[in-house]
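Given next are the chains, with one letter for each unit.
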Amino acid sequence: MNTASFLSRRLIEGVGKLGAVGWFAIGMLAALPYVLRRPALVVQQIHNAGVLSLVIIMTSGFFVGMVIGLQGYDAFSRLRQEDLLGAGAALTLLKELGPVVTALLFAGRAGTALTAEIGLMRATDQLSAMEVMAIDPMGRIAVPRWLGGAISVPLLTAVFNSVGILGAYFVGVRLMGVDNGAFWSQMQEFVEPADVWEGVIKSAVFGLVASLIAVFEGYTAEPTAEGVGLATTRTVVLTSVLVLILDYMITALLL
Amino acid sequence: MSAISAAMAPMIEVSDLRYDSAGRRIFAGLNLAIRRGSITAIMGPSGTGKTTLLRLITGQIRPKSGQLKVDGAEVASLDRRELFRLRRRMGMLFQNSALLTDYSVFDNVAFPVREHTALDERLIRTLVLMKLQAVGLRGAADLMPAQLSGGMSRRVALARAMVLDPDLLLYDEPFSGLDPISMGMVLRLIKVNNDVLGVTSVVVTHDVEEISRIADYCYVVSGGQVIGAGTPAELGQSDSAMVRQFMSGAPDGPVPFHYPAAAYETQLLGGQRS
């Protein structure tokens, strides 16, 4: 097979998949009324996807913040501008690292769990059993997990950012000796509401997309052990690539 | 249709049903009728589409052509709402039980009741415990599916399938993988459900001996068509060699032991015969 036909075939497959995911999302929107009558299902999923991810998010956030503290201190000290460390760390986290790293961690922890869970339900006929019991598995299984994930990501991002700033504070102020007052006052000085909003918009989009892919891959997984494994891998790969592409696009739109 | 003729009409009517899956012909003109209140066995070698037939009856997949009516309604022409209404009158026992693994035995059985009714939780408790008592697992109400044996899972799934008192119960390979005691229990439950509740039962199986003890009527399906029909006794005396082979379990006959292949000597000796 020559390269052109290989590429064009992959492109057609990609477009086909995009269409399938789109249809799936429309199907979930149609099943939304079922879930609106049962909000407890969504709360349960916020617990599964959000609360249970808190430890990994906080640990990662703290270390990412500490690295920013070190690197930021090194960079700013070359410019004799150590006092700007607070502002630099906050902007980096709020606008970029917070939403992106949280979405990637979400795909790795909660996204894979969602895909494997739904894929196994498919493989063990639990979804078919619901169908036969006249219960729509889209409403009962897919939508609550989608919404739960989509709501969790922005909240997790907020936690990641807060802990990250504390990490930067710990390294910058406590270890490297940046002035405490300057660290916080420069942050207040330079961080605008628009910067916060940029992060909120990104994390909302990432949440919707990451959670959609996880649920879609699980729902459409081949009902075999290998099929569920492959679907789980696709969730991580696809989410990671899409998050990075979307990150660039949203940044370009908002700047 | 008058009330009497409606009561006499078959619960399930299949005529000239055709269905292909992944380019393979599964049904090529299938015809059968399942009488109300009867236990009907659908038998046939593995891979003949017996489970597919149940999926067609429940409307999970649609036939390529032909008719499939459940209680007078053409399943393929129903919209989703009508299909769900029809399914609420069906119960299905899956081969692997298909219990919801996150829920306890009690919650699994209560699941369809909670979804489809607004009954008080106390009433649901009574109802679920009664169904669990009927399958002998009232004491297992608090266990999780992972703690159950294969036979117990099957019985819990049966309690769930019959919790809303369906008119039609579909059993997909209810005996496969069960020890003789569990098999005897499931067999008895199918019979009791049928006799006491007047449910129409369709049992897809290849356990000829077991089902012959309780079935009112049997269909043998092979090659996409019905190749034999009658009471278990009649099928044992069938003129068709294929039906007789299936009923007696002979390893070779019209259904060959060997999967089609090139000549044995040719393949082993690379085309040179000694």
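Just above sits the structure.
Residues numbered from 1 in each chain as written. Chains lettered and ligands numbered in written order. Predicted model: local features only at pLDDT ≥ 70, side-chain atom pairs only at ≥ 80, totals over all residues. Heavy atoms only, no water.

1. With respect to the pattern of salt bridges
At step 1: All told, the structure shown has 27 salt bridges over all chains when counted by the stated rule.
At step 2: A:Arg38 is paired through a salt bridge with B:Glu115; the nearest N and O atoms lie 3.6 Å apart. Of this pair, A:Arg38 sits in the loop between helix 2 (32-36) and helix 3 (39-49) while B:Glu115 sits in helix 4 (residues 105-116), each in a different chain.
At step 3: Between B:Asp16 and B:Arg18 there is a salt bridge, and its shortest N-O distance comes to 3.3 Å.
At step 4: With relative accessibility at 37%, the residue B:Asp16 sits in the partly exposed group.
At step 5: Judged by its relative accessible area of 30%, B:Arg18 falls in the partly exposed class.
At step 6: Each of A:Lys95, A:Glu96, A:Asp195, A:Glu198, A:Lys202 and A:Asp247 takes part in a single network of salt bridges with overlapping partners. (Salt bridge = Lys/Arg side-chain N within 4 Å of Asp/Glu carboxyl O. Helix = DSSP H or I, 4+ residues; strand = E, 2+ residues; numbered from the N terminus. Buried < 20%, exposed > 50% of the residue type's maximum accessible area, 1.4 Å probe, protein only.)

2. Side note on helix 2 (residues 50-57) of chain B
Residue and element names in this part refer to chain B.
At step 1: By the criterion of burial, helix 2 is predominantly enclosed, with six of the eight residues buried.
At step 2: Taken together, the buried positions of helix 2 are Lys50, Thr52, Leu53, Leu54, Leu56 and Ile57.
At step 3: Following helix 2 by one or two positions, Gly59 adopts a phi angle in the positive range, close to 75 degrees.

3. As for unusual backbone geometry
At step 1: Of note, A:Arg80 is a non-glycine position whose phi angle comes to about 55 degrees, a positive value.
At step 2: Within the secondary structure, A:Arg80 sits in the loop between helix 4 (54-78) and helix 5 (85-123).

4. Digging into the interface of chain B and chain A
At step 1: Taken together, the contacts link 21 residues of chain B with 17 residues of chain A.
At step 2: Summed over both sides, the interface of chain B with chain A buries roughly 1,700 Å², with 54% coming from carbon and sulfur.
At step 3: The three residues of chain B that bury the most area against chain A are B:Arg87, B:Phe111 and B:Glu115, which together make up 28% of that side's buried surface.
At step 4: Summed over the shared surface of chain B and chain A, the result is five salt bridges.
At step 5: A salt bridge links A:Glu131 to B:Arg80, with the nearest nitrogen and oxygen atoms 3.3 Å apart. (Contact = heavy atoms within 4.5 Å. Buried area = accessible area lost by both parts, 1.4 Å probe.)

5. Quick notes on the sheet that holds strand 3 (residues 39-43) of chain B
Residue and element names in this part refer to chain B.
At step 1: Strand order in the open sheet made by the six strands is 6-7-8-3-9-10, with mixed pairing throughout. Edge positions in the open sheet fall to strand 6 (90-93) and strand 10 (225-230), since each of these has one partner strand only. Mean inter-strand twist for the sheet, computed between neighbouring axes without regard to direction, equals 15 degrees.
At step 2: Pairing geometry for strand 3 and strand 9 (residues 217-222), over four bridges, is parallel. Counted as the bridge partner of Ile42 is Tyr219 from strand 9.
At step 3: Of the strands in this sheet, strand 6 and strand 7 (168-172) are in contact with helix 6 (residues 150-161), which crosses strand 6 at around 170 degrees. (Pairing = 2+ DSSP bridges. Axes fitted to C-alpha atoms, helices over the stretch in contact; angles between N-to-C directions.)

6. Structural notes on empty space enclosed by the protein
At step 1: With the rule as written, the count across this model stands at two cavities of 30 Å³ or more.
At step 2: In this model, the largest cavity occupies a volume close to 150 Å³.
At step 3: The wall of the largest cavity is formed by 16 residues, among which A:Met133, B:Met90, B:Gly91, B:Arg160 and B:Ala161 lie closest to the centre.
At step 4: Elements supplying a minimum of two residues to the lining of the largest cavity: helix 6 (126-132) of chain A together with strand 6, helix 4 and helix 6 of chain B.
At step 5: The dominant element in the lining of the largest cavity, judged by the number of residues it contributes, is strand 6 of chain B, at three residues.
At step 6: Partitioned by chemical class, the residues of the lining of the largest cavity number 11 nonpolar, two polar and three charged.
At step 7: The computed volume of the second largest cavity comes to approximately 40 Å³. (1 Å grid on protein atoms, 1.4 Å probe; cavity = no way out; pocket = protein on both sides within 12 Å on 5 of 7 lines; lining within 4 Å. Points joined across faces, edges and corners; volume = space filled by probe spheres on them. Nonpolar A, V, L, I, M, F, W, Y, C, P; charged D, E, K, R; others polar.)

7. Things to note about the layout of surface pockets
At step 1: In this structure, the largest pocket occupies an estimated 570 Å³ of space.
At step 2: Taken together, 19 residues line the largest pocket, and the ones lying closest to its centre are A:Tyr34, A:Arg37, A:Ala134, A:Asp136 and B:Phe84.
At step 3: The set of elements that each furnish at least two residues to the lining of the largest pocket consists of helix 1 (3-30), helix 2 and helix 7 (137-175) of chain A together with helix 3 (80-87) and helix 4 of chain B.
At step 4: Element by element, the count of residues in the lining of the largest pocket is highest for helix 3 of chain B, at four residues.
At step 5: In the lining of the largest pocket, the residues fall into eight nonpolar, three polar and eight charged.
At step 6: What lines the second largest pocket is a set of 14 residues, and nearest its centre among them are A:Gly14, A:Lys17, A:Leu18, A:Leu238 and A:Leu242.

8. So, the packing of helix 3 of chain A against helix 7 of chain A
Residues and elements named next belong to chain A.
At step 1: Here helix 3 crosses helix 7 at 50 degrees, and the two axes come no closer than 8 Å. With respect to helix 7, the element helix 3 is oriented oblique. Seen from above, helix 3 lies across helix 7 with right-handed handedness. Counting all contacts with helix 3, which are made through Leu41, Val42, Gln45, Ile46 and Ala49, the residues of helix 7 involved are Arg140, Pro144, Arg145, Leu147, Gly148, Gly149, Ile151, Ser152 and Leu156.
At step 2: Along the lines of polarity and charge, the residues of the contact of helix 3 with helix 7 split into eight nonpolar, four polar and two charged. (Parallel < 35°, antiparallel > 145°, perpendicular 65-115°, else oblique. Left-handed = near helix turned anticlockwise from the far one by under 90°.)

9. Concerning the pairing of strand 8 (residues 200-205) of chain B
Residues and elements named next belong to chain B.
At step 1: Within strand 8, six of the six residues are buried, leaving the element largely enclosed by the surrounding structure.
At step 2: Of the two faces of strand 8, the one lined by Thr200, Val202 and Val204 and the one lined by Ser201, Val203 and Thr205 are each fully buried.
At step 3: In this structure, strand 3 lies alongside strand 8, joined through five bridges in parallel fashion. Bridge pairing in strand 8 places Thr40 opposite Val202.
At step 4: With five bridges connecting them, strand 7 and strand 8 associate as parallel partners. For Asp172, the partnering residue across the bridge sits in strand 8 and is Val204.

10. Some thoughts on the sheet that holds strand 5 (residues 73-74) of chain B
All names here are of chain B.
At step 1: Pairing is antiparallel across the open sheet formed by four strands, whose spatial order is 2-1-4-5. A strand with exactly one partner marks an edge of an open sheet, and here the two such strands are strand 2 (24-34) and strand 5.
At step 2: In this structure, strand 1 (residues 12-21) lies alongside strand 4 (residues 65-70), joined through five bridges in antiparallel fashion. In the strand pairing of strand 4, Ser15 is matched with Gln67.
At step 3: On the sheet, helix 2 packs against strand 1, strand 2 and strand 4 and is oriented at approximately 65 degrees with respect to strand 2.

11. Focus: the packing of helix 6 of chain B against helix 7 (residues 180-197) of chain B
Residue and element names in this part refer to chain B.
At step 1: Closest axis-to-axis distance for the helix 6/helix 7 pair is 9 Å, and the angle between their directions is 15 degrees. As judged from the angle between their axes, helix 6 and helix 7 are roughly parallel. At the point where helix 6 passes helix 7, the crossing takes the left-handed sense. When helix 6 is examined against helix 7, the residues Gly151, Arg154, Arg155 and Leu158 are found in contact with a partner set consisting of Ser182, Met185, Val186, Leu189 and Asn193.
At step 2: The residue inventory of the contact of helix 6 with helix 7, partitioned by class, reads four nonpolar, three polar and two charged.

Note that all results are geometric; they support no functional claim without further evidence.
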